[in-house]
Amino acid sequence: MLSCYIAYISLRSHVPSGLDRDFRRCVRETIPAPICLHRDGLPRAVKEMNSQLQRQGSATAVQGTGYTSDQGSPRLRRVTSSRPDQNAPQFNWRPASAAQEDAGQEAAVPPKDLRALPMPMALKRAISQVQQMQVPVLSSFQSWKRSKAKSLSRARKSIGGFLHYVTLWRRSLNKIGGNFGDGVQSYFLFLRFLVVLNFLSSMLIIGFVLIPSIVFRSVASNSVTMMDNGTAECRQYDHKPDPLVRYYSYFLDLLSGTGFMEYTYLFYGYYRNTMVAESDFSYNIPLAYLFTAVFYFVFCLICITARAGTAVRVAVATGGGATGSYSRNVFTGWDFGCLGDRATKLKQKNLHYRLQVDLEEERIKNEAASLTLRRKVLLYSSRILLSLVAFGLIIAAFFGIYRATTFSQSKVKETGVLGLFYEYLPSIVITVGNFVVPVLCDQIALLERYNPSITVIVALLRSVFLRMVSLGVLLFTLWSQITCFEGVSEECALCHYNHKSYPCWETRVGQEMYKLTLFDLLITLAMLVLVEFPRRMVVDNSSNKLIQFVGRQEFLVPVNVLGLVYGQTVVWTGALFCPLLPLINTLKFVIVFYAKKITLFSNCRPAAKTFRSTKSKVFFLLVLLFGWSLALVALIYSIAEIHPSMSCGPFRSLTSMWTIVPLSFYSLSLTTQGFLYFIGSQRFSIPLFLFFSVVMCYFIALASVYGKSVDLLKAQLKLEARDKQFLVKQIEELSRTLGVAK
């Protein structure tokens with residue numbers, strides 16, 4: 001009844017007075033609005049309304065939302081129109097038979113969206129009710145297809161709502177974005193992505209390596225142990241810890257990964273070189289170990305690429321400029337689903353920080369555009385000089401890491417607290433360098449006077465170069481001593497590696513990566529307790545002007561993001577030698593999330609220099625991809641070049657880790673070998689390469705066409721804006737002229 005009144009009120013101004021009584025009769029008889037629209041009176045009214053609108057020429061064109069009547073029940077029919085003028089809202093109220101005859105004679109006009117019709121909202125709602133009541137004439141297959149599509153759509157919405165509800169740290173991230181802006185929020189989103197990535201990777205390693213190794217070691221089965229190669233001297237490995245030790249030795253072993261920790265499933269040396277063979281089942285532990293490590297890297301690459309693609313699409317869609325961002329924030333930035341004062345204030349703060357970034361970048365761009373030639377030369381000269389100073393600081397940090405690693409490896413036999421200090425000396429030097437040098441580089445970047453986004457990128461580049469290459473220097477130092485790269489050939493002549501200092505060199509590398517991961521977590525917690533909380537307390541309880549001027553610390557996004565990338569790169573590098581390192585890193589990142597959240601809300605103030613998060617998210621993932629590439633180089637070199645330890649690990653009987661792949665290949669059936677040969681042959685690879693090349697060229701051409709279309713539309717919008725400005729000026733001049741004339 002209410003919908004009928006609404007439709008009547010919306011049509012009353014357009015319906016002639018003689019036909020108004022037909023609709024009134026529908027209302028008095030309490031006939032629903034959708035049925036009223038199919039009675040005899042209202043269709044005639046709508047037809048006359050269409051005729052009046054066509055004669056006046058006051059309506060815009062929307063053709064195709066027609067509805068037919070079949071005496072008792074509404075039916076969905078093909079809409080046709082014999083009128084030559086289609087510039088008015090048209091409704092086909094003709095009988096079904098006539099509609100079908102016209103459908104056979106005229107071309108069908110595709111229906112248009114109801115939202116585009118120039119009609120009152122109440123009338124659109126009434127028409128929507130008619131559409132819902134229509135019973136389409138469909139075949140059984142079409143009906144089944146439509147029902148399945150609706151079911152699938154409902155299932156997708158339900159799953160999407162459930163995933164949104166159970167999203168990790170959803171409320172915390174919304175609160176962080178509302179109080180500190182998108183830049184700080186992007187750090188925590190990046191941290192959440194790494195937590196999920198490490199958790200899934202650890203499940204992969206546990207499922208294919210750890211659980212089979214535990215089961216096959218504990219359950220008696222038909223296992224075949226590969227024959228060990230090398231002399232007895234090369235196979236010597238005293239890994240059993242001393243049972244009579246002091247109580248604090250267990251704590252030291254936990255921190256260093258030695259002692260009772262060394263011969264556990266945590267490190268490479270505990271896994272066996274066995275292949276389980278049953279009547280209808282076989283499992284090759286070395287092959288599973290190698291392939292799991294390789295697939296772990298591939299899985300991480302796929303996840304990073306997919307997330308980077310999403311971030312790039314957002315950056316391209318927004319244009320990356322302040323003008324588009326300003327318009328988007330002003331006209332479409334508000335979330336009308338915000339309920340309550342708390343959510344509203346958070347959204348207001350979020351928009352405030354976004355507009356602050358846009359205004360600051362526009363101000364810096366305007367200042368750069370107004371520079372004279374002399375000031376530009378001075379600016380670029382100062383930037384080059386400051387860049388050389390920053391590069392010199394980074395080189396000095398590399399030399400310190402090299403010397404600390406060499407000295408630490410020479411003191412490997414020391415025990416107790418002093419031995420623990422020597423073992424952690426490379427980690428300490430790397431952490432100090434990663435803390436001091438980026439702070440100096442950040443101050444140098446401020447003197448270079450870039451805009452906020454470019455400042456973040458420059459600081460990230462320098463920090464990336466420092467952290468990633470410092471890890472590379474550590475690995476180079478270790479490998480040079482393991483493989484006798486520095487010329488100590490006597491120690492490597494017998495076993496092809498330095499077996500006296502490194503009887504199980506894979507476990508030693510895994511211990512170094514384990515100590516780096518653990519030390520990074522300890523430093524984060526120590527900074528929170530010993531530096532950040534005391535600084536907050538001093539600032540809040542002191543009236544000294546200097547202390548108040550310094551104030552609380554800012555949450556520096558570049559430094560914190562590089563800490564995450566560095567930690568993840570360490571995990572990728574050590575995953576081959578410490579298979580459970582991704583699981584440890586998952587727990588570490590969870591602790592880091594809550595520690596950073598506490599320090600953000602308790603100890604930090606909003607950053608004075610904000611930046612746009614759209615491009616920064618893409619850059620974060622590119623930096624992470626660079627760390628993945630560095631770890632991939634270490635993986636390939638370890639698998640293909642260095643001789644495995646002959647006294648431990650699943651590859652102790654092989655000349656290289658990769659040797660297990662051809663050995664397993666030749667143990668397959670001839671049919672499987674032939675198929676794999678075909679996959680790797682030119683008959684398959686060349687057509688596949690050509691196919692992907694054609695597909696890539698197609699998408700590149702499509703992207704080029706879309707890009708040109710977007711550029712044309714942007715140019716058209718600019719022209720329309722100029723036309724509007726010109727018309728406004730003409731109206732103002734005409735108004736002034738008429739005012740003077742009066």
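Residues numbered from 1 in each chain as written. Predicted model: local features only at pLDDT ≥ 70, side-chain atom pairs only at ≥ 80, totals over all residues. Heavy atoms only, no water.

Caption draft 1: Inspection of the overall build of the protein chain at higher detail. The number of helices and strands found in the protein chain is 23 helices and 5 strands. Buried residues in the protein chain amount to 43% of all 742 residues. (Helix = DSSP H or I, 4+ residues; strand = E, 2+ residues; numbered from the N terminus. Buried < 20%, exposed > 50% of the residue type's maximum accessible area, 1.4 Å probe, protein only.)

Caption draft 2: Focus on the environment of Ser201. Tracing the backbone through its elements, the reader meets Ser201 in helix H8 (residues 170-218). By relative accessible area, which is 1% here, Ser201 ends up buried. C-alpha separation for the pair Ser201 and Phe299, spaced 98 residues apart in sequence, amounts to 7.9 Å. When residues no more than four places from it in sequence are discounted, the contact partners of Ser201 are Tyr296, Phe299 and Cys300. (Contact = heavy atoms within 4.5 Å.)

Caption draft 3: Spatial organisation of the packing of helix H16 (residues 505-541) against helix H19 (residues 581-603). Taken N-terminus to C-terminus, the directions of H16 and H19 make an angle of 10°; their axes are 11 Å apart at the nearest point. Regarding the angle of H16 to H19, the classification is roughly parallel. In contact with Met513, Tyr514, Thr517, Asp520, Leu521, Thr524, Leu525, Leu528, Glu532, Phe533 and Arg536 of H16, H19 contributes Leu581, Ile584, Asn585, Lys588, Ile591, Val592, Ala595, Lys596, Ile598, Thr599, Ser602 and Asn603. Looking at the contact of H16 with H19 residue by residue, the classes come out as 12 nonpolar, 6 polar and 5 charged. (Axes fitted to C-alpha atoms, helices over the stretch in contact; angles between N-to-C directions. Parallel < 35°, antiparallel > 145°, perpendicular 65-115°, else oblique. Nonpolar A, V, L, I, M, F, W, Y, C, P; charged D, E, K, R; others polar.)

Caption draft 4: Representation of the side chain of Arg462. With respect to the helices and strands, Arg462 occurs in helix H15 (residues 452-482). Assessed through its relative accessible area of 13%, Arg462 is described here as buried. One polar contact links Arg462 to Ser387, side chain to side chain, over a distance of 3.2 Å. Not counting the four nearest positions on each side in its chain, Arg462 is found in contact with Ser387, Ala390, Ile394, Cys441, Ile444, Ala445 and Glu448. (Polar contact = N/O pair within 3.5 Å; in protein donor to acceptor, adjacent residues only side chain to side chain.)

Caption draft 5: How the structure looks around the pattern of salt bridges. In the structure shown here, the tally under the stated rule is 4 salt bridges. Several salt bridges converge on common partners, so that one network encompasses Arg536, Asp540 and Arg552. (Salt bridge = Lys/Arg side-chain N within 4 Å of Asp/Glu carboxyl O.)

Caption draft 6: A look at the packing of aromatic side chains. Scanning the entire structure with this criterion turns up 28 aromatic pairs. Taking 4.6 Å as the distance between ring centres and 85° as the angle between the ring planes, the aromatic pair formed by Tyr263 and Tyr270 counts as edge-to-face. For Tyr263, a relative accessible area of 28% corresponds to the partly exposed category. Following the ring pairs from residue to residue traces out a cluster consisting of Tyr263, Tyr265, Tyr268, Tyr270, Tyr271, Tyr289 and Phe651. (Phe/Tyr/Trp six-rings, centres within 6.5 Å; stacked < 30°, edge-to-face > 60°.)

Caption draft 7: Focus on the pairing of strand S2 (residues 274-277). Side-chain alternation along S2 places Thr274 and Val276 on a buried face and Met275 and Ala277 on a face that remains uncovered. Where S2 meets strand S3 (residues 282-284), 3 bridges bridge the pair, whose relative direction is antiparallel. Counted as the bridge partner of Met275 is Asn284 from S3. (Pairing = 2+ DSSP bridges.)

These figures capture arrangement, not role.
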